[in-house]
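Overview (structure and organization)
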Amino acid sequence: MAAQEKVIPTIIVHGGAGNMHKHEQVLAEYLKGVKIAVKAGYQALCGDTGSALNAVEAAVSSMEDFHIFNTGRGSNLTVDGEIEMDGFIMEGKEFRTGAVTCVQHITNPVQLARMVMEKTDHICLAGPGANKFAKLMGVPEVSTESLIVERRRKMLEEKRSFNPDTYDTVGAVAIDADGNIACAMSTGGITAQMEGRVGDAPLIGCGGYCDNDYGGVSTTGDGEAIAKVTLARNIIFYMEQGLSAQAAAEKGLHYMENKIQSHPAQGGVIVLDKYGHIGMYMTTQGMSWAYIQKDQLHYGLLKGEEFVEKTDDSM
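All figures in this text were calculated on a predicted structure; none of them were measured in a lab. Sequence order as written defines the numbering, with residues in each chain counted from 1. Confidence filtering applies because this is a predicted model: local features only for residues at pLDDT of at least 70, side-chain atom pairs given and counted only at 80 or more, and all residues used for totals across whole chains, interfaces and linings. To obtain the side-chain values, all non-hydrogen atoms of the structure were used and water was disregarded.

Overview of the sheet that holds strand β8 (residues 208–211)
In plain terms, the rule: Here, a strand pair is defined by DSSP locating no fewer than two bridges between the strands. A run of H or I in DSSP becomes a helix once it reaches four residues, and a run of E becomes a strand once it reaches two; helices and strands are each numbered from the N terminus. Throughout, an axis means a line fitted to C-alpha atoms (over the contacting stretch in the case of helices), and angles, computed between N-to-C directions, take values from 0 to 180 degrees. What makes two residues a contact is simply this: any of their non-hydrogen atoms within 4.5 Å.
The sheet built from 4 strands is open, its strands ordered β8-β9-β10-β11 with antiparallel pairing. The sheet is open, and its two edges are formed by β8 and β11 (278–282), each paired on a single side. Direction aside, neighbouring strands of the sheet carry axes that sit 10° apart on average. Across 5 bridges, strand β10 (residues 267–273) lies against β11 in antiparallel orientation. Residue Val269 lies in a different strand from β11, and its bridge partner there is Tyr281. Contacting β8, β9 (215–221) and β10, helix α8 (residues 231–240) crosses the sheet at an angle of about 140° to β9.

Structure (structure tokens):
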């Protein structure tokens, strides 16, 4: 009988996908941000106390704290100029899940989502209920103004209508040495969205899903389209049918494009299988991403682009 393949501890992150008509300096910040995030996640993945769950939380928290991404400080603004954020986290052994949606006045939605998972009997808290829970948990409250960056304010002034073009949801997927898989997401939604809009990120099986028997997925893109086809769970389904992480990622996004005909249903996905093999695909012009595996940092932004560094040189 053939020996079972050994698990490769791995973490992969994305900083959102979209049509990359941004200033070169902004694009460079996206790459900087995902590299910082994946290193933070990798440090939480390795060592005696490392775990996939800690890794994805650390990576996504890093992106929430980095001004360039659409979550935490840097979130998109609603049509009324407010900030409403979503966070999600899941582990693939027992399917424990936590999420928050339409939460305000906090910096790290993913951390609150993990508290929902570990401190309540629920899987998702919304709006004022999520904020009430945050206060109960001692999460510091911050002003909306402290979360707004000027670039997002200008985006709202230019659009003032719901017009998805760049999908800046951030996410992470990790597998640890014990074969446990976790995924996490965080987003500030879409510029000029209506108050109370819920996209794919906090919905289990839509923006993220994981199962230790097959793999883990995090998506980014047209949230309404992703939710309609339960994209993350669909990709896991393809892996259950025997497709590789890469083949499942590609098939999942093409399925969404073919099924949603009312508008361009674009996006990007990152995938890990149960051994740490990577799948990554986008139907947009680009997606900022990074992963660390076997002490090598890989990252890129545009289709077909990949840079490699030794983690010893960059951490």
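So, the packing of α8 against helix α9 (residues 245–259)
As a reminder, the rule being used: Small angles under 35 degrees read as roughly parallel and large ones over 145 as roughly antiparallel, with 65 to 115 read as roughly perpendicular and the rest as oblique. Handedness of a crossing follows from how the near helix is turned relative to the far one, being left-handed for an anticlockwise turn of less than a right angle and right-handed for a clockwise one. Amino acids are sorted into nonpolar (Ala, Val, Leu, Ile, Met, Phe, Trp, Tyr, Cys and Pro), charged (Asp, Glu, Lys and Arg) and polar (every other residue, Gly among them).
Across the interface, α8 lies against α9 with an axial gap of 8 Å and an inter-helix angle of 135°. By the angle between their directions, the pair α8 and α9 is classed as oblique. Note on packing geometry: the crossing formed by α8 with α9 is right-handed. In this structure, α8 uses Leu231, Asn234, Ile235, Tyr238 and Met239 to contact α9, whose residues at the interface are Ala245, Ala248, Ala249, Lys251, Gly252, Leu253, Tyr255 and Met256. Among the residues making up the contact of α8 with α9, the classes are represented as 10 nonpolar, 2 polar and 1 charged.

Digging into the packing of aromatic side chains
Any pair of aromatic rings gets described here by the distance separating the centres and the angle formed by the planes. Cut-off, in case you're wondering: Any two of the Phe, Tyr and Trp rings considered here, Trp counted by its six-membered ring, make a pair once their centres fall within 6.5 Å; the pair's planes then place it as stacked at under 30 degrees, edge-to-face at over 60, or tilted in between. Residue exposure (1.4 Å probe, protein chains only): buried if accessible area is under 20% of the type maximum, exposed if over 50%, otherwise partly exposed.
Tallied over the full model, the rule gives 6 aromatic pairs. Summarising the aromatic geometry, the rings of Tyr30 and Phe69 are spaced 5.6 Å apart at their centres and angled 80° between planes, so their arrangement reads as edge-to-face. Taken as a pair, Tyr30 in helix α1 (residues 24–45) and Phe69 in the loop between α2 (52–65) and β2 (85–91) lie far apart in primary sequence, 39 residues in all. Per residue, the accessibility class of Tyr30 equals that of Phe69, and both read buried. With a centroid separation of 5.9 Å and 20° between ring planes, the pair formed by Trp289 and Tyr291 is classed as stacked. Neither residue differs from the other here; Trp289 and Tyr291 are each classed as buried.

A word on the nonpolar core
Threshold: Working definition of a nonpolar core: buried Ala, Val, Leu, Ile, Met, Phe, Trp, Tyr and Cys residues. They are joined through side-chain atoms within 4.5 Å.
Judged by nonpolar contacts, the single largest core of 40 residues is most densely connected at Leu231, Ile235, Met256 and Val271. Element by element, the count of residues in this core is highest for α8, at 6 residues. In this structure Leu231 touches Gly205, Cys206, Thr219, Ile226, Gly252, Leu253, Met256 and Val269, once residues within four positions along its chain are discounted. Counting 35 residues, the second largest nonpolar core, distinct from the first, contains Val13, Val26, Ile68 and Tyr299.

Re the pairing of strand β13 (residues 296–302)
Burial within β13 is extensive, with 5 of its 7 residues counted as buried. In this sheet, β13 lies alongside strand β12 (residues 286–293) in antiparallel orientation, the contact comprising 6 bridges. Its bridge partner lying in β13, Gln293 is registered against Gln296. Following β12, the chain reverses through 2 residues before pairing antiparallel with β13; Lys294 in that reversal takes a positive phi of roughly 55°. Bridge count between β13 and strand β14 (residues 307–310): 4 bridges; the pairing is antiparallel. Residue pairing in the sheet places Tyr299 in a bridge with Phe307 of β14. If you look at the hairpin formed by β13 and β14, you'll find 4 residues sitting between the two strands, and Gly304 has a positive phi there, around 80°.

A few points about the pattern of salt bridges
Rules: We define a salt bridge as a side-chain nitrogen of Lys or Arg found within 4 Å of a carboxyl oxygen belonging to Asp or Glu.
Evaluation of the coordinates by the stated rule reveals 9 salt bridges. For Arg153, the salt bridge is made with Glu150, and the minimal N-O distance between the two is 3.4 Å. Here Arg153 and its partner Glu150 are both found in helix α6 (residues 150–159), 3 residues apart, which amounts to about one turn of the helix. Linked by salt bridges that have partners in common, Glu57, Arg114 and Glu118 make up one network.

The values are spatial; any link to function lies outside them.
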